[in-house]
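# Results of the structural survey
Below, each chain spelled out in residue letters.
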Amino acid sequence: MKGLFKSKPRTPADVVRQTRDLLIYVDINWNTREAKREEKMAELCKNIRELKSILYGNSEAEPVSEACAQLTQEFFQGNTLRLLIICLPKLNLEARKDATQVVANLQRQQVHSRLIASDYLEANKDLLDLLVSGYENMDIALHYGAMLRECIRHQSIARYVLESEHMKKFFNYIQLPNFDIASDASATFKELLTRHKSTVAEFLSKNYDWFFNEFNSKLLESPNYITRRQAIKLLGDMLLDRSNSAVMMRYVSSKDNLMILMNLLRESSKNIQIEAFHVFKLFAANQNKPQEIVSILVTNRNKLLRLLGDFKTDKEDEQFDADKSQVIKEIAAL
């Protein structure tokens, strides 16, 4: 007889619904007596882990696409994403890690060939405001940062963040004293400025003046070595991308930008020197150099030729050597 009364196994949608109920409970009853709250929290953490194992599979089984689709649909239909993000600071560290992985996976799940996470975020953009400002809270910065990077895989969501006031905050987040958080903010900043080519080109054209003002003064001229190194590498990635050619021409026509690059070429760090060279060569190769750029290059010609003559990479690099010869030729001919 016992077998007749076995409880029915929970479907993925059931797990989501139960998780949602527990999140609502935790959110509203955070100040209830401890024993009851602890019990609900333990149940919630178990459910979040189960969601993760449905989406990622486990040591015994691969994920089942039908189960993933069912879970995804229920998750976004019932506002569970909002609850999970809002309640994240109340979860313990393990549950936060699991929740971050669940949110990351859901950004890639298709239901009837649609990325429904993108549609949901389109309608709930305030959640992105919440994720970005997470960098101001040490406890959750890395979890919110990882979630944010997954959300900006969707082009419309990346555009929202790029065009928001939040972009200005990244220049401060990248310089936070906590190394891990600063590095995470830097990774998100890089993703925003390199992933979606057409959106980035449009953003840089529209916001050229304030953006490069901040980029030069706060990042390229930062007293922090790591900040300078990451910034000059990112600048090269942006300017050497074909879709940003109009922005690149504008950048290499400015004498202030040239002075910053020449200072970076003189850095004691080989890594910064090499990344700076990749941007400097664009100034030298420009066939329509403004007169003030020509004047600076002519005034500093001997120093530059000496510096470039001694310039070597650690490993043999034919492309680098060819670029260097070309730059030396251009400067010598001025």
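Just so it is clear, the structure is predicted and the values come from calculations on it, not from any experiment.

### Some points on the pattern of salt bridges
Pairs can form between side chains of opposite charge once their charged atoms are near each other. Scanning the entire structure with this criterion turns up 26 salt bridges. Between glutamate 74 and arginine 20 there is a salt bridge, and its shortest N-O distance comes to 2.8 Å. Of this pair, glutamate 74 sits in helix α3 (residues 65-77) while arginine 20 sits in helix α1 (residues 12-28), and the two are 54 residues apart along the sequence. We classify arginine 20 as buried; its relative accessible area is 13%. Salt-bridge contacts for arginine 114 lead to aspartate 119; the nearest nitrogen and oxygen are separated by 2.8 Å. Among the residues examined, arginine 114 registers a relative accessible area of 47% and is labelled partly exposed. Overall, the relative accessible area of 33% leaves aspartate 119 in the partly exposed class. Via salt bridges that share partners, Arg49, Lys52, Glu94, Lys97 and Asp98 belong to a single interconnected network.

### What to know about the nonpolar core
Membership of the largest hydrophobic core comes to 104 residues, with the highest contact counts inside it found for Phe189, Phe215 and Leu235. At 9 residues, helix α17 (residues 270-285) tops the list of elements feeding residues into this core. Excluding residues within four positions of it along the chain, leucine 235 makes contact with Phe212, Phe215, Leu220, Tyr251, Leu261 and Val279.

Each value, and the rule that gives it
- Residues numbered from 1 in each chain as written.
- Predicted model: local features only at pLDDT ≥ 70, side-chain atom pairs only at ≥ 80, totals over all residues.
- Heavy atoms only, no water.
- Salt bridge = Lys/Arg side-chain N within 4 Å of Asp/Glu carboxyl O.
- Helix = DSSP H or I, 4+ residues; strand = E, 2+ residues; numbered from the N terminus.
- Buried < 20%, exposed > 50% of the residue type's maximum accessible area, 1.4 Å probe, protein only.
- Core = buried A, V, L, I, M, F, W, Y, C linked by side-chain atoms within 4.5 Å.
- Contact = heavy atoms within 4.5 Å.

Taken by themselves, the reported measurements are silent on function.
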